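So you can see what is in the structure, the chains are spelled out below.
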Amino acid sequence: MPDALTDNLPNSLTGSPAAPQAAASLRVILAGPRGFCAGVDRAIRVVEEALRRYGAPVYVRHEIVHNRTVVEDLERQGAIFVEELDEVPANAHVVFSAHGVPKSVPAEAQRRQLDYLDATCPLVSKVHREAERHFREKRHILMIGHCGHPEVVGTMGQLPPGAVTLVQNAEEAEQVKPVAEPLAFITQTTLSVDDTAEIIDVLRRRFPHIDGPRREDICYATTNRQAAVKTIAASCDLMIVIGSPNSSNSQRLREVAERAGARRAVLVPKVSDLDFSLLDGVGTVGLTAGASAPESLVQEVLAELGKRFQLQIEERQVTQEDVIFKLPYPLA
Ligand code: SF4
């Protein structure tokens, strides 16, 4: 296991002689990459930099990323989270979340002369531009994604009503009756890679001339986290995915783990939500975190496991990530 991982852990977590003799042993496989992606890191930096420059409060429309721990930490620094712009007072600074917003939101902010910052992940913005290009080129768009997810609402909201039809699964892909042709498809960035490939296969079979990306619009972080989980799942009696229930990519990690052979997979927002009875009879635990979950939550789970078991920790890193996004204007 890489030194960087073990260096910060107390001896009791690393199986040193200091661990209690009576503790049962537990093998823990850490999936890598896991946790924060570049888009989440940037969105949090946007709020923190706005607080530093303008002072508290800074308003944030919707959870900046889908993680309660992150939201509560920013609240302590002076951020106020709201769901709609009408909750933001005049002359306030407001940040739009990483998931992106419909065009109507910045338009409304301008109308009210609010000072706004857009923390939309650049990989979501790229899908917005793709949708606009298809619309300009007179294609009807099928968007593969989950109804009601803020990213889907934001992407569909780049275009007039009726320009995009949502397709949520392979059954819907089999049945969809496009209102116009030619066609194009785009996807949410945080979907299951395998489910999306199946849906695209159906669309390409039914509509051979459909335009779209070579594979899909799923981002590098979602792809890498799912690949890492697939690598370790079959070795795990239990896979713990750290992440919030409203985090799409965290939910997908849990599903991917079960499909890839983990005997059981659970989504755990933070260590106090972990039911330790799930570890009865477990020999190997996999541990990962969704793209919006901070590494501190992983370390807290390891620390609690270390109080109960003699841990043998290893990490399987399927790829290294070095993506960093610059802050948006005017913070850059
Ligand atoms: S999960 Fe992907 S699309 Fe979403 S914020 Fe992270 S990098 Fe951007």
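Small disclaimer: the values here were computed from a predicted structure and weren't measured. (Residues numbered from 1 in each chain as written. Predicted model: local features only at pLDDT ≥ 70, side-chain atom pairs only at ≥ 80, totals over all residues. Heavy atoms only, no water.)

Quick word on the overall build of the chain
In step 1: For the chain, the helix and strand inventory stands at 11 helices and 12 strands.
In step 2: Scaling as 2.2 N^0.38, a compact globule of 332 residues should have a C-alpha radius of gyration of about 20 Å, and the chain matches this with 22 Å.
In step 3: Its C-alpha atoms give the chain principal-axis dimensions of about 70 × 55 × 30 Å.
In step 4: Evaluated residue by residue, the chain yields a buried proportion of 54% over its 332 residues.
In step 5: Sequence separation of at least 24 residues holds for 75% of the intrachain contacts in the chain that already meet a minimum separation of 6.
In step 6: Working note: accessible area of the chain is about 15,000 Å², and carbon and sulfur atoms make up 49% of it.
In step 7: Where the 36 positive side-chain charges of the chain centre and where its 44 negative ones centre are 4 Å apart. (Helix = DSSP H or I, 4+ residues; strand = E, 2+ residues; numbered from the N terminus. Rg over C-alpha atoms; globule rule 2.2 N^0.38 Å. Buried < 20%, exposed > 50% of the residue type's maximum accessible area, 1.4 Å probe, protein only. Contact = heavy atoms within 4.5 Å. Areas by Shrake-Rupley, 256 points an atom, 1.4 Å probe, with all protein chains shown as cover. Lys, Arg positive; Asp, Glu negative; His and termini not counted. Charge placed at Lys NZ, Arg CZ, Asp CG, Glu CD.)

Some details on the sheet that holds strand β10 (residues 265-268)
In step 1: Pairing is parallel across the open sheet formed by five strands, whose spatial order is β10-β9-β11-β1-β12. The open sheet has two edge strands, β10 and β12 (309-317), and neither has a second partner. Ignoring which end each strand starts from, the neighbouring axes of this sheet average 25° apart.
In step 2: In terms of strand pairing, strand β9 (residues 238-242) meets strand β11 (residues 284-289) through five bridges, oriented parallel. Bridge assignment links L238 to a residue of β11, and that residue is V285.
In step 3: With respect to the sheet, helix α9 (residues 220-233) is in contact with β1 (24-32), β9, β11 and β12, its orientation differing from that of β1 by roughly 145°.
In step 4: Across the sheet, helix α11 (residues 295-308) lies against β1, β9, β11 and β12, angled at about 145° from β12, the strand it touches most. (Pairing = 2+ DSSP bridges. Axes fitted to C-alpha atoms, helices over the stretch in contact; angles between N-to-C directions.)

Concerning the domain arrangement of the chain
In step 1: Segmenting the chain into domains produces domain 1 (3-36 + 220-317), domain 2 (38-121) and domain 3 (123-206).
In step 2: For domain 2 and domain 3, the distance between their C-alpha centres works out to 27 Å.
In step 3: Facing the 10 residues of domain 2 at the interface are 12 residues of domain 3.
In step 4: Roughly 820 Å² is buried in total at the junction of domain 2 and domain 3, and carbon and sulfur atoms are behind 57% of that figure.
In step 5: Contact with domain 3 buries surface across domain 2, with H99, K103 and C121 losing the most and accounting together for 56% of the total.
In step 6: On inspection of domain 2 and its partner domain 3, the count reaches one salt bridge.
In step 7: With a shortest N-O distance of 2.1 Å, K103 and E132 are connected by a salt bridge. (Domains from an automatic or database assignment. Buried area = accessible area lost by both parts, 1.4 Å probe. Salt bridge = Lys/Arg side-chain N within 4 Å of Asp/Glu carboxyl O.)

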